[in-house]
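Structure assessment
Listed below are the residues making up each chain.
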Amino acid sequence: MTEKFDGTSIEEESERAESLLSFDLEELAGSAALTRITDFAAALCATPIALVSIVERERQWFPARTGLDVAETPRETSFCAHAMRGTDLMVVPDATQDLRFADNPLVAGAPYIRFYAGTPLISDDGVQLGALCVIDREPRSGLTTVQREGLFVLAANIMSLLTARRASLRTDRELDEREAKFRILADAMPQMVWSARPDGFHDYYNARWYEFTGMPAGSTDGEGWNGMFHPEDQPHAWSVWRRSLATGEPYEIEYRLRRADGEYRWTLGRALPIRDRNGVITRWFGTCTDIHDQKMIQAQREIVAHELSHRIKNIFAVISGLISFSTRQHPQMKPVADDLRERILALGRAHDFVRPHSDASKPSAVQDSLSGMLGELMDAYAGRIAILGDDTTIDDRSATPLALLFHELATNAAKYGSLSSADGRVQITIEVGDGRAEIEWLERGGPPVAAPSHDGFGTKLIELSAIKQLGGHIERNWSVEGLRLRLVVPTAALHR
């Protein structure tokens, strides 16, 4: 048997039944909004009964009804099952005279249907839901034009309500599915994951957070999270979090978080804002990562590095002391020894600049800065050497030859060049680009200079530093106004 449901095949009816489920119509039983429509339809058409009928596989039921106590009837007695099959208003003037309905129990018995008019309820994607109908217990010739148009308008309002409801349900289901997937993903992560509302109220933590902290679910919602931090870290954490909330800037901080066993462990907290199309923050998502072990390893490395640097610094001091002691035994060596000691001290200053420092001992300049290192090295010349232009990073390997090179230039300038005169000045200009750093040493205001007749030790030291150790090249211009030296070095040679 292929025809069973009012001309609808079993296959078509199965598809329609599945589509009906997407509207979740059971929740509409007794709907006040739909009841206002049936009340108005009954008044508009001057009928004692008006119904919103939903036709299912075995029954029709009425989420809204006016003038009828029965909540549902069998489908085989349904007038609306026929009405929903059309596209126009179905009108039955006298059901006792209609072969389709003359023997219908709803005609022979209560509610004694005689007149029926039903407007189909069909969704925009073709799902036949049922009908909006008006019923009279007396035969009638039909409806007026206004009544007919009114029923169509009311049916359209019903479908707008149902379509909007279905769209909302689909959105809710999609959101529920996304949230479920997010929770599964978040709970599977080794990190602690949390989320907060735009005002900063924390309303979600993953399973890892509760496992790590040992706190009951929900106990750290709102502002409870800050109580899990070490008391010394709480004010700073609050300050950083409030600044992120006020500015929308990413949140990042290191703090000590109390573990379930009471131990405080260093943790990296990060969060980013989620914004809508207008740029308004709708939510914050963040993570907490246990970095305690890395922090301890880093602290141990810093202690070792400080100790090594301290010992190297002592070696420089010992060597300088030995040189001074030797000159007392051999006064004739004093000029050479003084030059050597100054070079060693320059190396010591360069090393001291780039070595690991504590917060209290580190220099004011950035430690991997070329201009910062040159500034520390030339500090003894009381502002007579200006450092201009770009900057670039250096490491401890390149600091040594650079320190020797520029110390030698400054020493020569102080003995023979611009720094030997009260009005003399030196300008160091750094230009970085195309994978290389170009450093110009320009002396002005000193006595006239000329190229030396032969290369001394200082010149060889400069070339050793620039060419052999840094892989660069040097150009010298001995003009009357003063020495101009141009050093070009690959930036790859300045830092690893």
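Use the structure listed above.
Structure report, in brief. Small disclaimer: the values here were computed from a predicted structure and weren't measured. Every chain is numbered on its own, with residues counted from 1 as its sequence reads. Thresholds applied to this predicted model are a pLDDT of at least 70 for local features of residues and 80 or more for the giving and counting of side-chain atom pairs; totals over whole chains, interfaces and linings are not thresholded and use all residues. With hydrogens and water excluded, all non-hydrogen atoms of the structure serve as input to the side-chain values.

**A closer look at the pattern of salt bridges**
Here is the rule we go by: Whenever Lys or Arg places a side-chain nitrogen within 4 Å of a carboxyl oxygen from Asp or Glu, that contact is recorded as a salt bridge. Burial classes follow relative accessibility: with a 1.4 Å probe on protein chains only, a residue under 20% of its type's maximum area counts as buried, one over 50% as exposed, and anything between as partly exposed.
Under the counting rule described, the total for this entry stands at 23 salt bridges. The residue Arg259 makes a salt bridge to Glu263 at a minimum N-O spacing of 2.6 Å. With relative accessibility at 25%, the residue Arg259 sits in the partly exposed group.

**Remarks on the side chain of Ser369**
Rules: Working definition: helices are DSSP H or I runs of at least four residues, strands are E runs of at least two. Numbering for both runs from the N terminus. Polar contact is the term for a pair of N or O atoms within 3.5 Å; when the atoms are in protein, one must be able to donate a hydrogen and the other to accept it, and sequence-neighboring residues count only if both atoms are side-chain atoms.
Locating Ser369 in the fold gives a position in the loop between helix H9 (334-354) and helix H10 (370-377). Overall, Ser369 belongs to the buried group, its relative accessible area being 6%. For Ser369, the side chain forms a polar contact with the side chain of Asp391, separated by 2.5 Å.

**Some remarks on the packing of aromatic side chains**
Aromatic ring pairs: the centre-centre distance and the angle between the two ring planes describe each pair. Here is the rule we go by: Centre distance within 6.5 Å is the pairing criterion for rings of Phe, Tyr and Trp, where only the six-membered ring of Trp is used; planes under 30 degrees apart are then read as stacked, over 60 as edge-to-face, and the remainder as tilted. When the NZ atom of lysine or the CZ atom of arginine is within 6 Å of a ring's centre and also within 35 degrees of its normal, the charge is said to sit over that ring.
Tallied over the full model, the rule gives 13 aromatic pairs. Aromatic pair Phe79 and Tyr116: ring centres 5.1 Å apart, planes at 40°, arrangement tilted. With a gap of 37 residues between them, Phe79 in the loop between strand S5 (72-74) and helix H3 (80-83) and Tyr116 in strand S7 (residues 115-122) connect regions that are remote in the sequence. With respect to burial, Phe79 and Tyr116 carry one shared label: buried. Within the aromatic cluster, the residues linked to one another by ring pairs are Trp194, Trp225, Phe229, Trp238, Trp241, Tyr251, Tyr255 and Trp284. The lysine or arginine in question, Arg140, covers the ring of Phe115, its NZ or CZ lying 5.0 Å from the ring centre.

**Comments concerning empty space enclosed by the protein**
Applied cut-off: Lining residues are those with an atom within 4 Å of a point, where the points come from a 1 Å grid over the protein atoms alone and group into cavities, where a 1.4 Å probe fits but cannot get out, or pockets, open sets with protein on both sides within 12 Å along at least five of seven lines. Grid points are joined across faces, edges and corners, and a volume is the space filled by probe spheres set on the points. In this classification, Asp, Glu, Lys and Arg are treated as charged, Ala, Val, Leu, Ile, Met, Phe, Trp, Tyr, Cys and Pro as nonpolar, and every other residue, Gly included, as polar.
Applying the stated criterion across every chain, the model contains one cavity of 30 Å³ or more. Quantified by volume, the largest cavity comes out at close to 90 Å³. Lining the largest cavity are Trp194, His202, Tyr205, Trp209, Trp225, Phe229, Trp241, Tyr251, Tyr255 and Cys288. Counting only elements with at least two residues in the lining of the largest cavity, the list comes to strand S10 (202-205) and strand S11 (251-258). Taken together, the residues that form the lining of the largest cavity break down as nine nonpolar, one polar and no charged.

**Re the nonpolar core**
Across soluble globular proteins, nonpolar side chains have a tendency to be buried as a group. Selection rule: Buried Ala, Val, Leu, Ile, Met, Phe, Trp, Tyr and Cys residues that are joined via side-chain atoms within 4.5 Å together make up what is termed a nonpolar core. Contacts: residue pairs with any heavy atoms within 4.5 Å of one another.
Counting 31 residues, the largest nonpolar core has Leu402, Phe406, Trp441 and Leu487 as the members making the most contacts within it. Elements supplying a minimum of two residues to this core: H10, helix H11 (396-415), strand S15 (425-433), strand S16 (436-444), helix H12 (457-469) and strand S18 (482-490). Broken down by element, the residue count for this core peaks at eight residues, all from H11. Contact partners of Leu402, with chain neighbours within four places excluded, come to Leu370, Met373, Ile394, Leu470, Leu487 and Leu494.

**Focus: the sheet that holds strand S9 (residues 192-196)**
The criterion, for reference: Each pair of strands is called paired provided DSSP finds at least two bridges between the two strands. To obtain an axis, a line is fitted to C-alpha atoms, over the contacting stretch when the element is a helix, and the angle between two such axes runs from 0 to 180 degrees between their N-to-C directions.
Spatially, the five strands line up as an open sheet ordered S10-S9-S13-S12-S11, and their pairing is antiparallel. Unpaired on one side and paired on the other, S10 and S11 mark the two borders of the sheet. Averaged over all adjacent pairs, the angle separating strand axes in this sheet is 25°, with direction ignored. Two elements, S9 and S10, share three bridges in a ladder whose sense is antiparallel. Each bridged residue has a counterpart across the sheet, and for Trp194 the counterpart in S10 is Tyr205. Across the sheet, helix H7 (residues 234-247) is in contact with S9, S10, S11 and strand S13 (281-290); its angle to S11 comes to roughly 150°.

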